[in-house]
Amino acid sequence: MQTSDVVIIGAGAAGLMCAFVAARRGRRVLLLDHANKAGKKILMSGGGRCNFTNLYTEPANFLSGNPHFCKSALARYTQWDFIALVAKHGVPYHEKKLGQLFCDNKSSDILGMLLDECREAGVELRLETHIQQIERSESGYQLQTSAGAVTCQSLVIATGGLSIPTLGATGFGYQVARQFGHDVLPTRAGLVPFTLTDPQLKALCSELSGTSVEDCLVSCNGQSFRENILFTHRGLSGPAILQISSFWQPGDTVEINLLPHLDLLDWLTTQQRERPNSELKTLLAELFTKKMAGLLSEQWFVSKPVKQYVPTELEAIAERLSCWSLVPSGTEGYRTAEVTLGGVDTQEVSSKTMESRKSPGLYFIGEVLDVTGHLGGFNFQWAWASGFAAAQYV
Ligand code: FDA
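Residues numbered from 1 in each chain as written. Predicted model: local features only at pLDDT ≥ 70, side-chain atom pairs only at ≥ 80, totals over all residues. Heavy atoms only, no water.

**Student:** Sorry, what's going on with the domain arrangement of the protein here?
**Tutor:** Domain boundaries assigned for the protein yield domain 1 (2-187 + 341-391) and domain 2 (194-331). Averaged C-alpha coordinates put domain 1 and domain 2 at centres separated by 40 Å. Between domain 1 and domain 2, the residue contacts involve seven residues of the former and eight residues of the latter. On inspection of domain 1 and its partner domain 2, the count reaches one salt bridge. Note that Glu227 and Lys97 form a salt bridge whose closest N and O atoms lie 2.8 Å from each other. The tally of links between domain 1 and domain 2 comes to two residue pairs in polar contact (both at pLDDT 80 or more). (Domains from an automatic or database assignment. Contact = heavy atoms within 4.5 Å. Salt bridge = Lys/Arg side-chain N within 4 Å of Asp/Glu carboxyl O. Polar contact = N/O pair within 3.5 Å; in protein donor to acceptor, adjacent residues only side chain to side chain.)

In structure tokens form, the structure reads like this:
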């Protein structure tokens, strides 16, 4: 029987942070993961360059049943704290856009940094270890694992959400939460592409697969994001779509303004006056790719010389392009989602310590909790901040 002060299950972003910070406090920390490698999502993240935080992180960038829950941890371990750690390790990085910080080189710089910190702090990392049973003991918790029994005073659940099962994601954390009397709020895929079944729309997206529209305003349920969108074989993706997907529920309508930077009716009226013989598709090719302009002109409108349109027709064109309404048939699901919405109900967890209010000595950190960030480095910032918060008390 091995004895440890702290056992952390899940060697992902939150678990690694919590492990070395707790170990630096002098706690004996055992970090367990069933995968053959720590931090697989860190390696995959940000297209291989890990968007590790966001300069403009604020509580408003997070979705949760309790929007106040994330405030304390985010205030006590900020983006500036993580940037200082990155700088201490000499990891080169840059701001891509909108405050999003990415590695200049590879995500492995961030993972390497966290593993170095764990090594220096004396964290014991054990991979390919399966947790078979967890029970309360007199002094804390007792675990049966594929590598033998372990007891600890503090048990930290850092097993993340359900997104991308091939990277080791499981619902284990929710199972442990329920075992100790916690509510788990319904989960669904977030930051995920939309799929379409309407044959015409699907065909349009498929034909335009790989095409992006740089500046779109995408809205749903009172939320809007202005970023680019991407057509895919199955529907729509790109940052603005991923962002809005977290606010979308099946059956909801999504509105897309394909040209938010332009008063389109005014522009079309000017073209009609100045270039009356130009065809609609030629004009639209100045705003979109030639292929997209051609497809939209054929499928949504009738392309003819602009002088032949009556004002109501121009209004209809402007309306369609600035207020494209569609009802996605679904999302790509956990297979490709970046995050999982919902999770362990924060009402029963201390926002200061991340400790369970139902079972003393049990902690939840990272994505397993019902806290989900917008796209742009916010989810990692939550993992670092919640991991750091728990590490002060475990
Ligand atoms: P995380 O998922 O990192 O770690 C959980 C760990 O628990 C894993 O190592 C897993 O193997 C382990 N585990 C699970 N079940 C277990 C069990 N039963 N027994 C033992 N171990 C178990 N965010 C961001 O801010 N910037 C970005 O650039 C990206 N990019 C990105 C790309 C892709 C493809 C994905 C899927 C996600 C992102 N994200 C992101 C989101 C980000 O990766 C995510 O929010 C954090 O990794 C969550 O950190 P956690 O530590 O909570 O879980």
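So much for the structure itself; the text now carries on.
**Student:** Teacher, can you tell me more about the side chain of Gln100 here?
**Tutor:** Mapping Gln100 onto the fold places it in strand β6 (residues 100-103). Of the residues examined, Gln100 reaches a relative accessible area of 8% and is grouped as buried. With residues near it in sequence (within four places) discarded, Gln100 still touches Asn51, Thr53, Asn54, His94, Glu95, Glu227 and Gly376. (Helix = DSSP H or I, 4+ residues; strand = E, 2+ residues; numbered from the N terminus. Buried < 20%, exposed > 50% of the residue type's maximum accessible area, 1.4 Å probe, protein only.)

**Student:** What am I meant to see in the UniProt feature "domain: RsdA/BaiN/AoA(So)-like insert" (unreviewed entry) in the protein here?
**Tutor:** When the UniProt feature table is mapped onto this chain, "domain: RsdA/BaiN/AoA(So)-like insert" (unreviewed entry) is found at residues 188-339. With 36% helix and 24% strand, the stretch residues 188-339 has end C-alpha atoms that lie 9 Å from each other. (UniProt positions renumbered as here; feature names shortened; annotations may be inferred.)

**Student:** Any chance you could explain helix α7 (residues 199-207) here in plain terms?
**Tutor:** Each α-helix winds once per 3.6 residues, and so residues spaced three or four apart point in a common direction. Listed as buried for α7 are Leu201, Leu204 and Cys205. Projection of α7 onto a plane perpendicular to its axis shows the buried side chains occupying an angular sector of 95°, all on one side. (Arc of directions from axis to C-beta.)

**Student:** I keep staring at the confidence of the model for the protein and nothing clicks. Help me out?
**Tutor:** Mean pLDDT over the protein stands at 97; residues scoring 70 or higher make up 100%. Scoring the predicted complex yields pTM 0.97 and, for the interface, ipTM 0.99. (pLDDT = per-residue confidence, 0-100.)

**Student:** How do you make sense of the site of the ligand when you look at a structure like this?
**Tutor:** Near the ligand, the surroundings consist of 29 residues, among which Ala14, Asp33, Thr170, Glu367 and Phe380 are the closest. Here Ala13 contributes a backbone N or O atom positioned 3.2 Å from an oxygen atom of the ligand. About the coverage of the ligand: the protein hides 94% of its 990 Å² of free accessible area. Listing elements by their share of the shell around the ligand, those giving two or more residues are α1 (13-24), α2 (40-48) and α13 (378-391). The element contributing the most residues to the shell around the ligand is α13, with four residues. Grouping the constituent residues of the shell around the ligand by class yields twelve nonpolar, 13 polar and four charged. (Near = heavy atom within 4 Å. Areas by Shrake-Rupley, 256 points an atom, 1.4 Å probe, with all protein chains shown as cover. Nonpolar A, V, L, I, M, F, W, Y, C, P; charged D, E, K, R; others polar.)

**Student:** Could you clarify how one ought to interpret the layout of surface pockets in this entry?
**Tutor:** Where empty space is left becomes clear once a probe the size of a water molecule has been rolled over the atoms. Taken as a whole, the second largest pocket encloses approximately 220 Å³ of empty space. Every residue lining the second largest pocket is counted, 13 residues in all, and those nearest its centre are Leu98, Phe225, Gln243, Leu375 and Phe378. In terms of residue count, the dominant contributor to the lining of the second largest pocket is strand β14 (residues 223-231) (three residues). Each residue belonging to the lining of the second largest pocket can be placed in one class, and the counts come to five nonpolar, six polar and two charged. Looking at which domains feed residues into the lining of the second largest pocket, each of domain 1 (2-187 + 341-391) and domain 2 (194-331) supplies at least three. (1 Å grid on protein atoms, 1.4 Å probe; cavity = no way out; pocket = protein on both sides within 12 Å on 5 of 7 lines; lining within 4 Å. Points joined across faces, edges and corners; volume = space filled by probe spheres on them.)

**Student:** Where do I start with the nonpolar core in this structure?
**Tutor:** Note that soluble globular proteins tend to have their nonpolar side chains buried in a common cluster. Among the nonpolar cores identified, the biggest contains 80 residues, and Phe82, Ile110 and Trp384 are the most heavily contacted of them. A total of ten residues in this core trace back to one element, the largest contributor, which is α1. For Phe82, the contacting residues outside a window of four places in its chain are Met17, Phe52, Tyr77, Ile110, Met113, Leu114, Gln381 and Trp384. (Core = buried A, V, L, I, M, F, W, Y, C linked by side-chain atoms within 4.5 Å.)

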